[in-house]
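# Analysis of the macromolecular model
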Amino acid sequence: MAQNQVLRMRRDLSGMTEAPRWPDGVVPATLGPRPDKQLAQAAHGVLEAGFWEGGGGAPIFRQWWKTLRRDEEFDPALVFVAMEGADVIGMAQCWTSAFVKDLAVHPRARRRGVGRALMLAAFNAFAARGARHVDLRVREENTAAIALYHSLRMQTVSRERG
Ligand SMILES: CC(C)(COP(=O)(O)OP(=O)(O)OC[C@H]1O[C@@H](n2cnc3c(N)ncnc32)[C@H](O)[C@@H]1OP(=O)(O)O)[C@@H](O)C(=O)NCCC(=O)NCCS
């Protein structure tokens, strides 16, 4: 049986100038500095809704939140959310090591530029922190995400076992 392969992709942040452009009616936020549990729960809901398409499975909220907050690379200011009214429609959770751990946009909010804006918000935050590049891992069959990452000038640096 074929092994799941994962691409490690990287965006060089030198000369990072592109600001996120949020679609009309969409407002950015983060979980920082003091995470609001309800907002975290809504962000997790988007992760759950999108995760199977990314080839993974999301742990239940309680487990996810507990593990996340205990991680030494966790920073609530690096959990980016896109709000439409009271709803979270997209989220990107990053580690302090300049790594995008999870990205998901609710299925009904796709192809409006939310994923791109979330990624650019993360890139700008890491550039402001002095990071040279941002990395992530993506399953190589996840063509939608890879198309997004290529459009953001991310390049594959290695191919690893999933
Ligand atoms: C990948 C994902 C985050 C993209 O979010 P999105 O908000 O729909 O993406 P955007 O609207 O910002 O797309 C920006 C560009 O990325 C590319 N893109 C995004 N989705 C695509 C798709 N399904 N097919 C082809 N290209 C796509 C396009 O170039 C697009 O620009 P365009 O709409 O002008 O053609 C979303 O599909 C998702 O949540 N997928 C499930 C979870 C997942 O796979 N996460 C990534 C794990 S590594």
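Below is a summary of the structure that appears in this document. (Residues numbered from 1 in each chain as written. Predicted model: local features only at pLDDT ≥ 70, side-chain atom pairs only at ≥ 80, totals over all residues.)

### Focus: the overall build of the chain
- Across its full length, the chain carries four helices and seven strands.
- Listing the helices and strands of the chain from first to last along the sequence gives β-β-α-α-β-β-β-α-β-α-β.
- Relative to its length of 162 residues, the chain is compact, with a C-alpha radius of gyration of 15 Å against a globular reference of 15 Å.
- Its C-alpha atoms give the chain principal-axis dimensions of roughly 40 × 40 × 35 Å.
- Residues classed as buried in the chain amount to 29% of the 162 residues present. (Helix = DSSP H or I, 4+ residues; strand = E, 2+ residues; numbered from the N terminus. Rg over C-alpha atoms; globule rule 2.2 N^0.38 Å. Buried ≥ 20, exposed ≤ 12 C-beta atoms within 10 Å, placed from the backbone.)

### Digging into the environment of Pro-59
- Structurally, the position occupied by Pro-59 is in the loop between helix H1 (37-54) and helix H2 (61-70).
- Each C-alpha atom, one on Pro-59 and one on Arg-34, is 22 Å from the other, the two residues being 25 residues apart in sequence.

### Remarks on unusual backbone geometry
- Cis geometry is found at the peptide bond from Gly-32 to Pro-33, where omega equals -10°.
- Within the secondary structure, Pro-33 sits in the loop between strand S2 (26-30) and H1.
- Of note, the phi angle at Arg-111 is positive, near 60°, even though the residue is not glycine.
- Positionally, Arg-111 belongs in the loop between strand S5 (99-105) and helix H3 (114-128).
- Residue Arg-111 is classed as exposed on the basis of its 8 C-beta neighbours within 10 Å.

### Section: the sheet that holds strand S3 (residues 79-84)
- Taken in spatial order, the seven strands make up an open sheet running S2-S3-S4-S5-S6-S1-S7, and their pairing is mixed. Sheet topology places S2 and strand S7 (155-161) at the edges, where each strand pairs with a single neighbour. Between one strand axis and the next, the sheet turns through 25° on average, direction left out of account.
- Here strand S1 (residues 5-12) pairs with strand S6 (residues 133-139) via seven bridges, running antiparallel. Across the sheet, residue Arg-11 finds its bridge partner in S6, namely Val-134.
- Contacting S1, S2, S3, strand S4 (87-95), S5 and S6, H3 runs over the sheet at an angle of about 35° to S4. (Pairing = 2+ DSSP bridges. Axes fitted to C-alpha atoms, helices over the stretch in contact; angles between N-to-C directions. Contact = placed C-beta atoms within 7 Å.)

### Description of the pairing of S7
- Burial analysis of S7 places just zero of its seven residues in the buried class, a small minority of the element.
- Here S1 pairs with S7 via six bridges, running antiparallel. If you follow Met-9 over to S7, its bridge partner there is Thr-156.

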